[in-house]
Amino acid sequence: MTTTEPRDLPVDWEIRELLASTPVSRTWRILAAGRPAVLRRDEPGAGRLGLNRVDEPGVLRAAAAAGLGPGPLGADPARGLLLTDWLPGRAWSAADLRAPENLRRAAALLRQVHGLPVSRPVLDLAAVIDRYAAAGGAGADGLAPMARERLALALDGAPVLAAGRLRLCHNDPTPGNFIAAADGTLRLIDWEYAGLCHPAFDLAGLALGAGLDPAGDELLLGAYAGQPPGPAGLARHGAWKDFCRALAALWAAALIE
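For the structure given in this document, a descriptive report is provided here. These numbers come from a predicted model, not from an experiment. (Residues numbered from 1 in each chain as written. Predicted model: local features only at pLDDT ≥ 70, side-chain atom pairs only at ≥ 80, totals over all residues. Heavy atoms only, no water.)

Some points on the packing of helix α8 (residues 214-225) against helix α9 (residues 231-254)
Running from amino to carboxyl end, α8 crosses α9 at an angle of 110°, the nearest separation of the two axes being 11 Å. Our classification of the angle between α8 and α9 gives roughly perpendicular. Two secondary-structure elements touch here, α8 through Asp217, Glu218, Leu220 and Leu221 and α9 through Gly233, Leu234, His237 and Lys241. Class assignment for the residues of the contact of α8 with α9 results in three nonpolar, two polar and three charged. (Axes fitted to C-alpha atoms, helices over the stretch in contact; angles between N-to-C directions. Helix = DSSP H or I, 4+ residues; strand = E, 2+ residues; numbered from the N terminus. Parallel < 35°, antiparallel > 145°, perpendicular 65-115°, else oblique. Contact = heavy atoms within 4.5 Å. Nonpolar A, V, L, I, M, F, W, Y, C, P; charged D, E, K, R; others polar.)

Now the structure itself:
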């Protein structure tokens, strides 16, 4: 075991491979008493971003029950540890997600996520901007005001936490978080940012991660809504994409040590 791997694991757990390492967390594929699983350990960035680890297992249970994500096997928020099911399959690339049929499948999956009956946690995007700005310090100067301005444009005058507008959202639907199984099942992993939010935020994040062109944006919105988007819908989508870009820049500044 290297110094980067978690210590004090149960004797019947075996680290198989490092899956990802970011300033927020590290994840490993492991065997937990012979069962394939994924172990995540928080890095300092998780604390700086104020990620909600207490409510995360409840979100995962709801997603797993609906067949949309991995189920939680154990959690220790105080130690920054989470154990989940391992989902076999292939992580999509941006090119995979841009394929029209795959984009339709991803839109349908997000629509299912947004329909899950989950009541917490709430991802208050205005509060997220404030947390990231505080963590970023001088490096966030100029970025936070831009993010606030673009959020206001995306909301178009609606309250940030308007009743009836919020739904459970994944909030990080990047291509690699879509796992396609051999049997055709499509599911999402990495639910650490999930919470009640604006569905348009998920759609904009997916569009940016996939690098969609205008035709791809129209296909995504049409597949999600069941009808072609009009000019107003496309304009709102563009505003949400602008906000996602601004928030991503602020997120990066918050994680610079």
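Having seen the model, we can carry on.
Some remarks on helix α5 (residues 125-136)
With twelve residues, α5 should cover 16 Å at 1.5 Å per step; its first-to-last C-alpha distance of 16 Å lies within 8% of that length. Along its buried surface, α5 packs onto α1 (44-49), α6 (143-155), β10 (195-197), α7 (199-210) and α9. For α5, the N-terminal cap is Asp124; the gap from its side-chain oxygen to the backbone nitrogen of Ala126 is 3.1 Å. Just downstream of α5 lies Gly137, where phi reads positive at about 55°. (Expected span 1.5 Å × (residues − 1). Polar contact = N/O pair within 3.5 Å; in protein donor to acceptor, adjacent residues only side chain to side chain.)

Some remarks on the environment of Arg26
Topologically, Arg26 is positioned in strand β2 (residues 25-32). The spatial distance from the C-alpha of Arg26 to the C-alpha of Asn102 is 28 Å, given a sequence separation of 76 residues. Separated by 3.1 Å, the side chains of Arg26 and Ser21 make a polar contact.

Function cannot be inferred from these measures alone, as they are strictly geometric.
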